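Report on the structure
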Amino acid sequence: MNADTHLNDLSLRLLGRAFGELDSEESRVVQAIAKRAPSSRDAADIEDAQASRGDRLADKVAAVGGSWGFIIAFSLVLVGWMLLNSEVLEHFGLAFDPYPFIFLNLMLSTLAAVQAPIIMMSQNRQAAKDRLTASVDYEINLRAELEIMRLHEKLDQMRIAELAAKIDALCARMDGEAR
């Protein structure tokens, strides 16, 4: 029996559909069952292997920009900037961004304009990773369900064979007593 016929028979028996009609997750599971290979895959490893340099950078920016450490440090820088330009440097006539802090406002707007899309890229990447994780989880669950069904089938066959042997023995004994 060739591999394609074996996969098709296995698919028909387990899922009730021909191998060619299965979606990608189901076909991977049937192939893994046929090869007696594990189905588990680490979605994070798969996604990290496919990630570009920009994707990894977006994740790092989002991790830093979305942390309490960044918020506290950035708040201290802002307060320091305002104090420096309103009290210290203004006293000497050297304030480079006096109140209402137009240059600071420009820098904050630029930072927000750059940081927001980068964080959205990271969120999109996380959503893709979540979809991949769901797909891998589905494959594992399908594999477990199909393996349980196969075990039940084997147990049923063993039980039928055991009962048939008992019936044959009983019939033989009854034949012996009838003579």
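Residues numbered from 1 in each chain as written. Predicted model: local features only at pLDDT ≥ 70, side-chain atom pairs only at ≥ 80, totals over all residues. Heavy atoms only, no water.

**Describing the overall build of the chain**
- A tally of regular secondary structure across the chain gives 6 helices and 0 strands.
- Across the chain, helices and strands are ordered from the amino to the carboxyl terminus as α-α-α-α-α-α.
- A compact globule built from 179 residues should have a C-alpha radius of gyration of about 16 Å, whereas the chain, at 34 Å, is more than 25% larger.
- Each principal axis of the C-alpha atoms in the chain carries an extent, and together these give about 125 × 35 × 20 Å.
- A buried classification covers 22% of the 179 residues belonging to the chain.
- Put simply, 58% of the contacts in the chain that link residues at least 6 apart link residues at least 24 apart.
- Split by element, the accessible area of the chain, about 12,700 Å² in all, is 63% carbon and sulfur.
- Here the chain holds 19 positive side-chain charges and 26 negative ones, and the gap between their average locations is 8 Å. (Helix = DSSP H or I, 4+ residues; strand = E, 2+ residues; numbered from the N terminus. Rg over C-alpha atoms; globule rule 2.2 N^0.38 Å. Buried < 20%, exposed > 50% of the residue type's maximum accessible area, 1.4 Å probe, protein only. Contact = heavy atoms within 4.5 Å. Areas by Shrake-Rupley, 256 points an atom, 1.4 Å probe, with all protein chains shown as cover. Lys, Arg positive; Asp, Glu negative; His and termini not counted. Charge placed at Lys NZ, Arg CZ, Asp CG, Glu CD.)

**A short note on unusual backbone geometry**
- A cis amide bond links Tyr99 to the next residue, Pro100, at an omega of 20 degrees.
- When you line up the elements, Pro100 lands in the loop between helix 5 (68-91) and helix 6 (102-178).
- Phi is positive for Arg36, which is not a glycine, with a value near 55 degrees.
- Here Arg36 is to be found in the loop between helix 2 (24-35) and helix 3 (43-50).
- Phi is positive for Phe101, close to 55 degrees, though the residue is something other than glycine.
- When you line up the elements, Phe101 lands in the loop between helix 5 and helix 6.
- Under the relative-accessibility criterion, Phe101 is labelled buried at 10%.

**With respect to the pattern of salt bridges**
- According to the stated counting rule, one finds 12 salt bridges in the structure shown.
- Two residues, Glu26 and Arg17, come together in a salt bridge whose shortest N-O distance is 2.3 Å.
- A salt bridge links Glu47 to Arg125; the shortest N-O distance between them is 3.4 Å. Taken together, the residues Glu47 in helix 3 and Arg125 in helix 6 connect sequence positions 78 residues apart. Exposure class is identical for Glu47 and Arg125. Each is buried. (Salt bridge = Lys/Arg side-chain N within 4 Å of Asp/Glu carboxyl O.)

**Some details on the nonpolar core**
- Counting residues in each nonpolar core, the largest one holds 10 residues, listed as Leu7, Leu10, Leu14, Phe19, Leu22, Val29, Val30, Ile33, Leu142 and Leu146.
- Counting residues per element, the ones that place at least two in this core are helix 1 (3-15), helix 2 and helix 6.
- In contact with Leu146, other than residues within four places in its own chain, are Leu14, Leu15, Val29 and Ile33. (Core = buried A, V, L, I, M, F, W, Y, C linked by side-chain atoms within 4.5 Å.)

**With respect to the side chain of Arg125**
- Taking the relative accessible area as the measure of exposure, Arg125 reaches 7% and is therefore buried.
- Those residues in contact with Arg125, other than ones at most four positions away along the chain, are Glu47, Asp48, Ala51, Asp55 and Asp59.

**Considerations on the packing of aromatic side chains**
- Scanning the entire structure with this criterion turns up 4 aromatic pairs.
- Between Trp81 and Phe96, the ring centres sit 5.2 Å apart and the planes meet at 85 degrees, which makes this aromatic pair edge-to-face. Residue Trp81 is located in helix 5, and its partner Phe96 is located in the loop between helix 5 and helix 6; the two are separated by 15 residues in the primary sequence.
- The interplanar angle of 90 degrees and the centroid separation of 5.7 Å between the aromatic rings of Tyr99 and Phe101 together place this pair among those described as edge-to-face.
- Chaining the aromatic ring pairs together yields one cluster made of Trp81, Phe96 and Phe103. (Phe/Tyr/Trp six-rings, centres within 6.5 Å; stacked < 30°, edge-to-face > 60°.)

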